[in-house]
Amino acid sequence: MVADLAKPVPSTMVARDWGQLLLLGLIWGGSFFFARVAVAEIQPLMLVLLRVGIAAMVLQVYLALRGLSFRPVFTRAPAFLLLALLNNVVPFSLIFVGQTELGAGPASVLYATTPFWTVILANILTSDEKLSRNKVAGILLGIAGTAVMIGPGLLTGLGSPLWAKLALIGAAISYALAVIFAKRFRDVSPVVVATGQLSASTVIMIPLVLATHGSAGFLSASLPVWSAVVALAVLSTAFAFILYFNLIASAGATNASLVTLVVPVSAIFLGALFLGERFETFELAGIALIGLGLVTIDGRAFRRAR
């Protein structure tokens, strides 16, 4: 088994887990704003390197100030390199390649299939996270809600090449494998896991970026762009991954992967709040479906109704 551990994972989340999930979804929803500013002047792969590299440095300083040891990363270096590949390098690259041909709407829907793949793979690869009717029904409702929320934008990408859609599905599967694999680090502090993953991602990305783009193109970026890069690295990466690995440790792989359903909702709310964007009827309907899906997965409301 990939992620079997002695301590079983709870099938439902407590209020603290839901709070972390919603906060993480809000933070990752905000990353779209920072990335939108930064990608205008910085190559996407270079932006990935800056994102993981700055976040890794920030967390290294945080570890030093807290007196936490980085030694567990060195003793399990191959595992951290694999986690970095599954959770950063491979999905980031596949999403970038796929979106050269695929619109934002279809890409978001395919990205939101991550919990579905997580449920299937966790059922196969673990002994403590098996399929349930609530999980399957709730995730299908969530994916349907994401598709409805994207609305007319979904139709613009239906004629895109098959390979582009497969790239996004591949990214979702990679995230699903990563969230399952990350369970084996539950004996390590979430801060150390986040630092190890981002440090390993930086080591992998440096030669990749140098081989494809060289070192030019980011030193001339403007101050607003650098501000967006720092926010993306510190808030949406360093802090967010601490929350993410803590959620995996306390609530399990399938529950943690539900954040991919929350991210599009938070992005729309932030757009309305800070950019003056209007809510459309189909967006509200999609948000309602996603909310119903999360309630279905949690299951407590239905048990109380009985």
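Residues numbered from 1 in each chain as written. Predicted model: local features only at pLDDT ≥ 70, side-chain atom pairs only at ≥ 80, totals over all residues. Heavy atoms only, no water.

1. Some remarks on the overall build of the chain
Here is step 1 of the chain: Helix and strand counts for the chain stand at 15 helices and 0 strands.
Here is step 2 of the chain: Classification of the 306 residues of the chain by burial places 51% in the buried group.
Here is step 3 of the chain: Long-range contacts, defined as pairs at least 24 residues apart, comprise 90% of the intrachain contacts of the chain with a sequence gap of at least 6.
Here is step 4 of the chain: Per element, the accessible surface of the chain, about 13700 Å² overall, is 71% carbon and sulfur. (Helix = DSSP H or I, 4+ residues; strand = E, 2+ residues; numbered from the N terminus. Buried < 20%, exposed > 50% of the residue type's maximum accessible area, 1.4 Å probe, protein only. Contact = heavy atoms within 4.5 Å. Areas by Shrake-Rupley, 256 points an atom, 1.4 Å probe, with all protein chains shown as cover.)

2. As for the environment of Trp 117
Here is step 1 of the chain: Considering the arrangement of structural elements, one finds Trp 117 in helix H6 (residues 114-125).
Here is step 2 of the chain: For Trp 117, a relative accessible area of 27% translates into the label partly exposed.
Here is step 3 of the chain: Separated by 140 residues in sequence, Trp 117 and Ser 257 place their C-alpha atoms 9.5 Å apart.
Here is step 4 of the chain: Those residues in contact with Trp 117 that lie beyond four places of it in its chain are Ile 169, Ala 172, Ile 173 and Ala 176.

3. Overview of empty space enclosed by the protein
Here is step 1 of the chain: Scanning the entire structure with this criterion turns up 1 cavity of 30 Å³ or more.
Here is step 2 of the chain: Considering only enclosed or pocket space, the largest cavity measures out at about 50 Å³ in volume.
Here is step 3 of the chain: In this structure, the largest cavity is lined by Ala 182, Phe 185, Arg 186, Val 188, Pro 190, Val 193, Phe 245, Ile 248 and Ala 249.
Here is step 4 of the chain: Taken together, the elements giving at least two residues each to the lining of the largest cavity come down to helix H10 (190-212) and helix H11 (223-251).
Here is step 5 of the chain: At 3 residues, H11 tops the list of elements feeding residues into the lining of the largest cavity. (1 Å grid on protein atoms, 1.4 Å probe; cavity = no way out; pocket = protein on both sides within 12 Å on 5 of 7 lines; lining within 4 Å. Points joined across faces, edges and corners; volume = space filled by probe spheres on them.)

4. Points about the confidence of the model for the chain
Here is step 1 of the chain: Looking at the chain, the pLDDT average stands at 81 and 83% of residues meet or exceed 70.
Here is step 2 of the chain: For the chain, the element scoring lowest by mean pLDDT is helix H8 (residues 152-155), at 61; H10 scores highest, at 93.
Here is step 3 of the chain: Across residues 1-6, confidence stays below pLDDT 50; counting only partners more than four residues off in sequence or on other chains, it has 17 contacts. (pLDDT = per-residue confidence, 0-100.)

5. Examining the nonpolar core
Here is step 1 of the chain: Core analysis: the biggest nonpolar cluster contains 84 residues, and Phe 245 and Leu 258 have the highest contact counts within it.
Here is step 2 of the chain: Of all the elements, H11 adds the most residues to this core, at 15 residues.
Here is step 3 of the chain: Apart from the residues lying within four places of it in its own chain, the contact partners of Leu 258 are Met 13, Trp 18, Leu 21, Pro 115, Ile 139, Leu 294 and Ile 297. (Core = buried A, V, L, I, M, F, W, Y, C linked by side-chain atoms within 4.5 Å.)

6. Concerning the pattern of salt bridges
Here is step 1 of the chain: If you walk through the whole model with that rule in mind, you get 1 salt bridge.
Here is step 2 of the chain: Of the charged contacts, one joins Asp 187 and Arg 76 as a salt bridge, the two residues approaching to 3.3 Å between their closest N and O atoms. Taken together, the positions of Asp 187 in the loop between helix H9 (162-181) and H10 and Arg 76 in the loop between helix H3 (71-75) and helix H4 (77-98) put the pair 111 residues apart, joining distant regions of the chain. (Salt bridge = Lys/Arg side-chain N within 4 Å of Asp/Glu carboxyl O.)

7. A look at the packing of H10 against H11
Here is step 1 of the chain: The contact between H10 and H11 brings their axes to 8 Å, and the two run at 125 degrees. On the basis of the axis angle, H10 is oblique to H11. Between H10 and H11 the crossing geometry is right-handed. Within the contact between the two elements, H10 uses Pro 190, Val 191, Val 193, Ala 194, Gln 197 and Leu 198 and H11 uses Thr 237, Ala 238, Phe 241, Ile 242, Phe 245 and Asn 246.
Here is step 2 of the chain: Partitioning the contact of H10 with H11 into residue classes produces 9 nonpolar, 3 polar and no charged. (Axes fitted to C-alpha atoms, helices over the stretch in contact; angles between N-to-C directions. Parallel < 35°, antiparallel > 145°, perpendicular 65-115°, else oblique. Left-handed = near helix turned anticlockwise from the far one by under 90°. Nonpolar A, V, L, I, M, F, W, Y, C, P; charged D, E, K, R; others polar.)

8. What about H9?
Here is step 1 of the chain: The first and last C-alpha atoms of H9 sit 28 Å apart over 20 residues, in line with the 28 Å expected at 1.5 Å per residue.
Here is step 2 of the chain: Among the residues of H9, those classed as buried are Ala 164, Ala 167, Leu 168, Ala 171, Ala 172, Ser 174, Tyr 175, Ala 176, Ala 178, Val 179, Ile 180 and Phe 181. (Expected span 1.5 Å × (residues − 1).)

9. Observations concerning the side chain of Ser 174
Here is step 1 of the chain: Structurally, Ser 174 can be placed in helix H9.
Here is step 2 of the chain: Judged by its relative accessible area of 5%, Ser 174 falls in the buried class.

10. Examining the packing of aromatic side chains
Here is step 1 of the chain: Per the stated rule, a full pass over the model turns up 9 aromatic pairs.
Here is step 2 of the chain: Taken together, a centroid distance of 4.7 Å and an interplanar angle of 45 degrees make the contact between Phe 80 and Phe 185 tilted. In this pair, Phe 80 is assigned in helix H4 and Phe 185 in the loop between H9 and H10, connecting sequence segments 105 residues apart.
Here is step 3 of the chain: Classification of Phe 185 by relative accessible area gives buried; the value is 2%.
Here is step 4 of the chain: Chaining the aromatic ring pairs together yields one cluster made of Trp 28, Phe 241, Tyr 244 and Phe 245. (Phe/Tyr/Trp six-rings, centres within 6.5 Å; stacked < 30°, edge-to-face > 60°.)

11. Details of a nonpolar patch on the surface
Here is step 1 of the chain: Residues Leu 23, Leu 26, Leu 235 and Phe 239 make up a contiguous nonpolar surface patch of roughly 320 Å² in combined accessible area.
Here is step 2 of the chain: When contributions to the nonpolar patch are tallied by element, the ones reaching two or more residues are helix H1 (15-38) and H11. (Patch = residues over 30% accessible without salt bridge, like charges linked within 9 Å, V, L, I, M, F, W, Y side chains within 5 Å.)

12. Thoughts on the packing of helix H2 (residues 44-66) against H11
Here is step 1 of the chain: It is at 8 Å that the axes of H2 and H11 come closest, and there the two elements cross at 60 degrees. Relative to H11, the element H2 lies oblique. By crossing handedness, the relation of H2 to H11 is classed as right-handed. Residue-level inspection shows Leu 47, Leu 50, Arg 51, Ile 54, Ala 55, Val 58 and Leu 59 of H2 in contact with H11, the latter providing Trp 226, Val 229, Leu 232, Ala 233, Val 234, Ser 236, Thr 237, Ala 238 and Ile 242.
Here is step 2 of the chain: Residues of the contact of H2 with H11, tallied by class, amount to 13 nonpolar, 2 polar and 1 charged.

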